[in-house]
Amino acid sequence: MAQHQLGRLAGARVLIVDDDRDVLQSFNVALQAEGARTITAADGNAAVALCIEKQPDLVVLDMMLPGRSGFFALEEIKGRDDSPYVVMCTANEGKRHQQYAEQMGVDGYLIKPVPIGHLISLIAELLADIMKERIESGELDEDLEDADDDDIDDDGDDDQDEDE
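Residues numbered from 1 in each chain as written. Predicted model: local features only at pLDDT ≥ 70, side-chain atom pairs only at ≥ 80, totals over all residues. Heavy atoms only, no water.

A few words on the nonpolar core. Ranked by internal contacts, the top residues of the largest apolar core, which has 24 residues, are Leu31, Val60 and Leu119. When contributions to this core are tallied by element, the ones reaching two or more residues are β1 (13–17), α1 (21–33), β3 (58–62), β4 (85–90) and α5 (116–137). With eight residues, α5 is the single largest residue contributor to this core. Not counting residues within four places of it along the chain, the set of residues in contact with Val60 comprises Val14, Leu15, Ile16, Val17, Phe27, Leu31, Val87, Cys89, Leu119 and Ile123. Val48, Cys51, Val59 and Leu74 belong to the second largest nonpolar core, which has 23 residues in total. (Core = buried A, V, L, I, M, F, W, Y, C linked by side-chain atoms within 4.5 Å. Buried < 20%, exposed > 50% of the residue type's maximum accessible area, 1.4 Å probe, protein only. Helix = DSSP H or I, 4+ residues; strand = E, 2+ residues; numbered from the N terminus. Contact = heavy atoms within 4.5 Å.)

Structure follows, in structure tokens:
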């Protein structure tokens, strides 16, 4: 078995949703550097579809999105029995928006610009029990070995490797 350098998010499956390509890319690079297996989407409709198809452990969700707002996507994502954790990241500092997101079941709410270290720490905290279970069961080793075989699209759209 190959030796893996494990980051704080090793093996975590994270969907990152933001229509700002720079934010999407910076979150993606940072989470991958911590060992997360990422999927990206640039709109709310793709986010909901990818949640159903890929079943991520956690979603980093922007509030203002084309297609379907972050709130509508959150409602759809959290409306499922097997819903992932959701961390909403937004530039909107209004307390009413935060309260509404919390009523809808958001697990974390961060104001942009989000310090990357804070985002990673929050994700690691939320996923601690899941990651511990995977390590104890050996599932994490299997996930890491299979990571190179995945067809996860990380270019900000939802055309899952149609051209490859």
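Text resumes after the structure shown.
Okay, the confidence of the model for the protein next. With 82% of its residues at a pLDDT of 70 or more, the protein has an overall mean of 86. Confidence drops under pLDDT 50 across residues 150–164; counting only partners more than four residues distant or on other chains, this segment forms 28 contacts. (pLDDT = per-residue confidence, 0-100.)

The subject of this paragraph is α5. Along its 22 residues, α5 runs 29 Å from first to last C-alpha, staying within 8% of the 32 Å computed at 1.5 Å per residue. Every buried residue of α5 is accounted for by Leu119, Ile120, Leu122, Ile123, Ala124, Leu126, Leu127, Met131 and Arg134. Count one or two residues on from α5 and you reach Gly138, which has phi positive near 85 degrees. (Expected span 1.5 Å × (residues − 1).)

This brings us to the sheet that holds β3. Note: strands within a sheet are paired through backbone hydrogen bonds, in either parallel or antiparallel orientation. In spatial order, the strands read β2-β1-β3-β4-β5; together these five strands make up an open sheet with parallel pairing. Single-partner strands in this sheet number two, and they are β2 (37–41) and β5 (108–111). With direction set aside, neighbouring strand axes in the sheet form an average angle of 20 degrees. One ladder, built from four bridges, connects β4 with β5; its direction is parallel. Pairing of Thr90 across the sheet is with Ile111, part of β5. Relative to the sheet, helix α2 (residues 44–54) contacts β1, β2 and β3, its axis offset from that of β2 by approximately 145 degrees. (Pairing = 2+ DSSP bridges. Axes fitted to C-alpha atoms, helices over the stretch in contact; angles between N-to-C directions.)

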